[in-house]
Amino acid sequence: MKVKVDRDTCIGCGVCASICPDVFEMDEEGKAKVLVEETDLECVKEAAESCPTGSIIIEE
Ligand code: F3S
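Anyway, here's the lowdown on the structure attached to this text. Each chain carries its own residue numbering, running from 1 in the direction its sequence is written. Residue-level local features of this predicted model are given only where pLDDT is at least 70; pairs of side-chain atoms are given and counted only at 80 or more, and the full residue set underlies all totals for whole chains, interfaces and linings. Just so you know, side-chain values use all the structure's heavy atoms and leave hydrogens and water out.

### Focus: the site of the ligand
Here's step 1: We call a residue near a molecule or strand when any one of its heavy atoms sits within 4 Å of it. Surrounding the ligand, one finds Cys10, Ile11, Gly12, Cys13, Gly14, Val15, Cys16, Met26, Ala32, Cys51, Thr53 and Ile56.
Here's step 2: Taken together, the residues of the shell around the ligand sort by class into 9 nonpolar, 3 polar and no charged. Three classes are used, and their members are as follows: Ala, Val, Leu, Ile, Met, Phe, Trp, Tyr, Cys and Pro are nonpolar, Asp, Glu, Lys and Arg are charged, and the others, Gly among them, are polar.

Structure representation (structure tokens):
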């Protein structure tokens, strides 16, 4: 799956980076950055479900 973060709606809560640190990292602006464009890691889905603003977009 492909993963993206909508940086306009991300509020920088950091949940994604703590659930799935291999894919998400907090950048210098305090928003989530995607480290890999394509991944099969299940934690991506968990992160997407846990993001309070629904900013994680997954394309199967
Ligand atoms: Fe942002 Fe959601 Fe992650 S608000 S920091 S994309 S959990």
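From this point, the discussion proceeds with the structure in view.
### Observations regarding the state of the cysteines
Here's step 1: Disulfide: a pair of cysteine sulfur atoms within 2.5 Å of each other. One pass over the structure, following the stated rule, counts 1 disulfide.
Here's step 2: The disulfide bridge from Cys20 ends at Cys43, spanning 1.9 Å between sulfur atoms. An S-S torsion of about 45° defines the bridge between Cys20 and Cys43 as right-handed. With a gap of 23 residues between them, Cys20 in the loop between helix 1 (15–19) and strand 2 (24–26) and Cys43 in helix 2 (residues 43–50) connect regions that are remote in the sequence. Comparing Cys20 with Cys43 shows no difference in burial state: the two are buried. Numbering of helices and strands runs from the N terminus, with a helix taken as a DSSP run of H or I at least four residues long and a strand as a DSSP run of E at least two residues long. Relative accessibility decides the category of a residue: with a 1.4 Å probe and only protein chains considered, values under 20% of the type maximum give buried, values over 50% give exposed, and everything between is partly exposed.

### Brief notes about the nonpolar core
A general tendency of soluble globular proteins is for nonpolar side chains to be buried together.
Here's step 1: Membership of the largest hydrophobic core comes to 16 residues, with the highest contact counts inside it found for Cys20, Phe24, Val44 and Ile56.
Here's step 2: If you list the elements that add at least two residues to this core, you get strand 1 (2–5), helix 1 and helix 2.
Here's step 3: Per-element accounting of this core gives the leading share, 4 residues, to helix 2.
Here's step 4: By definition in these notes, contact holds between two residues if any of their heavy atoms fall within 4.5 Å. Discounting residues that sit within four places of it in the chain, Ile56 has contacts with Val3, Lys4, Val5, Cys16, Phe24, Ala47, Ala48 and Cys51. The nonpolar core is taken to be a set of buried Ala, Val, Leu, Ile, Met, Phe, Trp, Tyr and Cys residues, with the residues joined through side-chain atoms within 4.5 Å.

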